[in-house]
Amino acid sequence: MNVASNTLSEFRRGIKEAVPIMIGMVPFALILGTQAARNGMSWLETVLMMGLNFAGGSEFAAVGLWHSPLPVLLIISTTLLINSRHILMGIAFIPFVRHLPLKQLLPALFVMTDESWAMSLADSRKRQQAGLPAFSLPYYFGTALTLYALWVACGFLGAKFGYLLGNVENLGFGMAFPAVFLVLIRGMWTTWRAAIPWLVSLITAAVSYLLLPHSGWYVLLGTFAGLLTALFSPEGESE
């Protein structure tokens, strides 16, 4: 198989494996676009926000804070706090993408989101076990670009026509998105000891959310709690 056909095959594989996440992403994007329109954002502002930020949690926070007069500094600081997890996600990506030239690395990082990141790390583990090169850039772009295009497109539809759909949240499809992501994360655990940092991060984030409601600090605190736990925990053997 030549390089071009292998690249196309990997790209298609990424699209195919992203389908379950796409099912959960559609209602989320429609809800976000609809809420943005209800809060006074134009469809163009909504598309620009979703296309330039591409991080669902911070976008929902920004839409929730969108009122007159516009609290610009609050929106910026909240977005930075919620998106701080991408710093650590990028660090986890270093072993796989350090060899890439900037013309490939920068687009890859721009479209990186929680789901494409988790899918690529899980796929890299499988490829290593099969004796293949760990990271497949075409596979990564197959997942990331597909999710990016779908997210922005559905956000536009929500902003323009969301009022015709009624209350999309009542359909219950939103649960599919976090459920698929949890399955992806579980696939990255090699032992139960490896799950301890995730548990510490979850507990810290939950407590922080209860003590500091209506803020994004729980994301940052939970992230660093999990990171420190992973850093200072000795590696355990499989059970």
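As recorded by an unreviewed UniProt entry, the chain carries the name AzlC family ABC transporter permease and is attributed to Eikenella glucosivorans. According to its UniProt record, the chain has this under Subcellular location (unreviewed entry): "Cell membrane". Quoted verbatim from the Sequence similarities (unreviewed entry) heading of the UniProt record, the comment on the chain is "Belongs to the AzlC family."

**Student:** How would you sum up the overall build of the chain? Please name residues and give values.
**Tutor:** Secondary structure assignment for the chain yields 11 helices and zero strands. Helices and strands appear in the chain in the N-to-C order α-α-α-α-α-α-α-α-α-α-α. Contacts spanning at least 24 positions in sequence make up 78% of the contacts within the chain whose residues lie at least 6 apart. Here the chain has roughly 13600 Å² of accessible surface; of this, 70% comes from carbon and sulfur atoms.

**Student:** Residue-level account of unusual backbone geometry, with values.
**Tutor:** Look at Phe54: it is not a glycine, yet its phi comes out positive at around 50 degrees. The topology assignment puts Phe54 in the loop between α2 (43–53) and α3 (56–64).

**Student:** Give me the UniProt feature "transmembrane region" (unreviewed entry) in the chain: which residues, what numbers.
**Tutor:** Mapped onto this numbering, the UniProt entry annotates "transmembrane region" (unreviewed entry) at residues 18–37, 73–97, 139–159, 171–189 and 195–212. Span residues 73–97 is 96% helix and 0% strand, its end C-alpha atoms 33 Å apart. Helix makes up 89% of residues 195–212 and strand 0%, with an end-to-end C-alpha separation of 25 Å.

**Student:** Run through helix α5 (residues 85–97), naming residues and quoting values.
**Tutor:** Counted at 1.5 Å a residue, the expected span for α5 with its 13 residues is 18 Å, and the 18 Å between its end C-alpha atoms agrees. At Ile91, α5 is deflected by roughly 30 degrees, the largest bend along its length, and proline Pro95 occurs up to four residues later in sequence.

**Student:** If you had to explain the packing of α3 against helix α4 (residues 72–83) to someone new, which residues and values would you point to?
**Tutor:** When two helices pack together, their arrangement is given by the angle between the helix axes and the distance between those axes. Contact geometry for α3 and α4: axes closest at 9 Å, N-to-C directions at 160 degrees. In terms of orientation, α3 and α4 fall into the roughly antiparallel class. Read as a crossing pair, α3 and α4 show a hand that is right-handed. In this structure, α3 contributes Gly57, Ser58, Ala61 and Ala62 to the contact, and α4 contributes Ile75, Thr78, Thr79, Ile82 and Asn83.

**Student:** A description of the nonpolar core should follow, citing residues and the corresponding values.
**Tutor:** Generally speaking, nonpolar side chains in soluble globular proteins are found buried as a group. Among the nonpolar cores identified, the biggest contains 20 residues, and Leu32, Met49, Met50, Val63, Leu147 and Trp151 are the most heavily contacted of them. Among the secondary structure elements, those contributing two or more residues to this core are α1 (3–38), α2, α3 and α8 (137–161). For this core, the leading source of residues is α1, giving seven residues. Not counting residues up to four positions away in its chain, the partners in contact with Met49 are Leu32, Met41, Phe54, Glu59, Ala62 and Val63. If you look at the next biggest cluster of nonpolar residues, it comprises 18 residues, including Phe93, Leu105, Ala118 and Ala134.

**Student:** I'd love a proper account of the pattern of salt bridges, names of residues and values included.
**Tutor:** Applying the stated rule across the entire model yields four salt bridges. Between Arg13 and Glu10 there is a salt bridge; the shortest N-O distance is 2.8 Å. Linking Arg13 with Glu10, this pair stays in helix α1, spanning three residues, or about one helical turn. The salt bridge involving Arg13 is made with Asp123; its shortest N-O contact spans 2.8 Å. Here Asp123 lies in helix α7 (residues 114–129) and Arg13 lies in helix α1, a separation of 110 residues in the sequence. Given a relative accessible area of 23%, Arg13 falls into the partly exposed group.

The rules behind the values
- Residues numbered from 1 in each chain as written.
- Predicted model: local features only at pLDDT ≥ 70, side-chain atom pairs only at ≥ 80, totals over all residues.
- Heavy atoms only, no water.
- UniProt positions renumbered as here; feature names shortened; annotations may be inferred.
- Helix = DSSP H or I, 4+ residues; strand = E, 2+ residues; numbered from the N terminus.
- Contact = heavy atoms within 4.5 Å.
- Areas by Shrake-Rupley, 256 points an atom, 1.4 Å probe, with all protein chains shown as cover.
- Expected span 1.5 Å × (residues − 1).
- Bend = angle between axes of the 7 residues up to and from the residue.
- Axes fitted to C-alpha atoms, helices over the stretch in contact; angles between N-to-C directions.
- Parallel < 35°, antiparallel > 145°, perpendicular 65-115°, else oblique.
- Left-handed = near helix turned anticlockwise from the far one by under 90°.
- Core = buried A, V, L, I, M, F, W, Y, C linked by side-chain atoms within 4.5 Å.
- Buried < 20%, exposed > 50% of the residue type's maximum accessible area, 1.4 Å probe, protein only.
- Salt bridge = Lys/Arg side-chain N within 4 Å of Asp/Glu carboxyl O.

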